[in-house]
Amino acid sequence: TDPALIRNFCIIAHIDHGKSTLADRMLQITGVVDDRTMRAQYLDRMDIERERGITIKSQAVRLPWDGHVLNMIDTPGHVDFTYEVSRSLQACEGAILLVDAAQGIEAQTLANLYLAMNADLHIIPVLNKIDLPAAQPEKFAEELAGLIGCDPSEVLKVSGKTGEGVRELLDHVVQTVPAPIGDADAAARALIFDSVYDTYRGVVTYVRVMDGHLGKRERILMMSTMATHETLEIGVISPEPKVAALGLGVGEVGYLITGVKDVRQSRVGDTVTAAAKPAPEMLAGYEHPKPMVFSGLYPIDGDQYPELREALDKLQLNDAALVYEPETSAALGFGFRVGFLGLLHMEIVRERLEREFGLSLISTAPNVVYRVVMEDGKELTVTNPSEFPTGGKIAQVFEPVTKSTLLAPAEFIGAIMEICQGRRGQLLGMDYLSEDRVEIRYTLPLGEIIFDFFDQLKSRTRGYASLDYEPAGEQESDLVKVDILLQGEPVDAFSAIVHKEKAYSYGVDMAKKLRELIPRQQFEVPIQAAIGARVIARENIRAIRKDVLAKCYGGDISRKRKLLEKQKEGKKRMKMVGRVEVPQEAFVAALSTD
Ligand code: GDP
Ligand code: MG
């Protein structure tokens, strides 16, 4: 295709503002999906995406419109997947910034807008859902225009649901989004903006060609790893894969298949070039996504450990950001320490393991990555509280911090500030986006955000506040490890790294919870919370004589046997911590947040 006739654009928006629904209408109006096969959120192909109504993976579709070729890329809106969003943006020249006409600007509207501006994209401001009775298109057109610095009359108004205004929007894309520019004669350079594992076809790599040309049966080179592969298939998605006989040229968006089986060999952000004539330089901005949040994952049934390993291996083929290594816990047995991009990523991985692989899992409380500097100058990276050094030789502890942006109606300023202050936040600034909507910026430790922050924010603001955050380096903090001991034995799964001021309340809460969950034993069991050798909280489980046979009065022998067998059954699900028998359920219950 002549690059002059190509328009590459994406749709960016806060979650639920209607990206996928608008994409549906575009598929229908351009005729690539007929009315009979149309279904809602057509491009959200994963089960979990369809059920949760969220987009996890980017999708690219080629749409014919008015003699032009439009490549539309639907992006995941969530903060955990910002890296993928920013790669998708690199593959475009324009962005539709979609805002719900009944909601107005939200935190991810801003975050995505800034990403798009950084990528130098032409931005088309659009208000969606104008069919809603609660829509206030005039008010929010002004808010949106104020944000991007245009006239309110330039804000387009559409309904992804009814299709109103969508044709005009497509015309506007053709008229205003710049055509891609590249050097057709130069060495091939294509940006990988997505990479997915398909059971039947292996890894499918989505690319945007910047310069040159990629063809079928060509040896290609992945520039970050210098690995070479042969393209077995190359084509475009419209909306099902279609082989492109002529390959892909400048400005084109499509997919290629090389037969590799692992997405880590074809990473988002990498540059593809021709092995025979490699480009001298990669495209800018390749980096490995780094796990930010770690948690222990254990099979509830210890026999499922090999299955868990296999499941993680398989999932990793499809998820380059997933990292894990084996770990053992005295309380939970054999499992894995797993690294995630954030809380949503964590939930998704766990849900997929349980659903797609039939596992039942316990996960330990998530923690961030700490850098510990010892007095002798040695440095440690701690991804598990049990690795936190004990003893007095720690010089400094550093924790990751974020620049967080909160958006809410002005009436919630007080509540938001209270939450952030209570979590060691530092106010950076505050702006009114309109008369009654404020943007509040804080520096917040990531460790505070992953602990129950969203739930508190939602409940204190009745769901009206939205949050976005980006990593902003690290800060030195007064952090300590709190251990929980049963009869003097530490229970590794409950150790946590917390701020000194919160150590006491963590210890007290945990000790209380466990006192309620652990059944009485033949002897008294003290539960203690301690920092090093210093005990900061204590609870007691009183002793009982739990002789169930005494109730049988010696009489009925078969009844006695039944009871003994029942007890044995129960024992299997008991874990021993020192001399103390703890039912597995107690661990599960103590570790669940709700
Ligand atoms: P995304 O998270 O941005 O992809 O948003 P979705 O496309 O999944 O839409 C979120 C919700 O808003 C869904 O329940 C849609 O049915 C609804 N929705 C999307 N567009 C419109 C619209 O134009 N009008 C109305 N009334 N509802 C819409
Ligand atoms: Mg979506």
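The name given to the protein chain in an unreviewed UniProt entry is Elongation factor 4, with the source organism recorded as Nonomuraea longispora. Turning to the protein chain, the UniProt annotation filed under Catalytic activity (unreviewed entry) states: "GTP + H2O = GDP + phosphate + H(+)".

Take the sheet that holds strand E14 (residues 271-274) next. The strand order E10-E9-E14-E7-E8-E13-E11-E12 describes an open sheet built from 8 strands, whose pairing is antiparallel. Edge strands, defined here as strands with exactly one partner in the open sheet, are strand E10 (227-230) and strand E12 (241-243). Put simply, the sheet's adjacent strands are angled 40° from each other on average, direction ignored. Pairing of strand E7 (residues 189-198) with E14, which is carried by 2 bridges, proceeds in the antiparallel orientation. Paired with Leu191 across the strands is Thr271, a residue of E14.

Look at the UniProt record and you will see "binding site: GTP" (unreviewed entry) annotated at Asp16, His17, Gly18, Lys19, Ser20, Thr21, Asn128, Lys129, Ile130 and Asp131. Residue placement: Thr21 occurs in helix H1 (residues 19-29). Ignoring anything within four residues of it in the chain, the contact list for Ile130 reads Ala101, Ala135, Pro137, Lys157, Val158, Ser159 and Glu164.

Applying the stated rule across the entire model yields 26 salt bridges. Between Lys481 and Asp483 there is a salt bridge, with the nearest N and O atoms lying 3.5 Å from each other. Taking the relative accessible area as the measure of exposure, Asp483 reaches 11% and is therefore buried. With a shortest N-O distance of 3.9 Å, Glu516 and Arg515 are connected by a salt bridge. Sharing partners across several salt bridges, the network here consists of Glu399, Arg424, Glu448 and Lys502.

Conventions used here
Residues numbered from 1 in each chain as written. Chains lettered and ligands numbered in written order. Predicted model: local features only at pLDDT ≥ 70, side-chain atom pairs only at ≥ 80, totals over all residues. Heavy atoms only, no water. UniProt positions renumbered as here; feature names shortened; annotations may be inferred. Pairing = 2+ DSSP bridges. Helix = DSSP H or I, 4+ residues; strand = E, 2+ residues; numbered from the N terminus. Axes fitted to C-alpha atoms, helices over the stretch in contact; angles between N-to-C directions. Contact = heavy atoms within 4.5 Å. Salt bridge = Lys/Arg side-chain N within 4 Å of Asp/Glu carboxyl O. Buried < 20%, exposed > 50% of the residue type's maximum accessible area, 1.4 Å probe, protein only.

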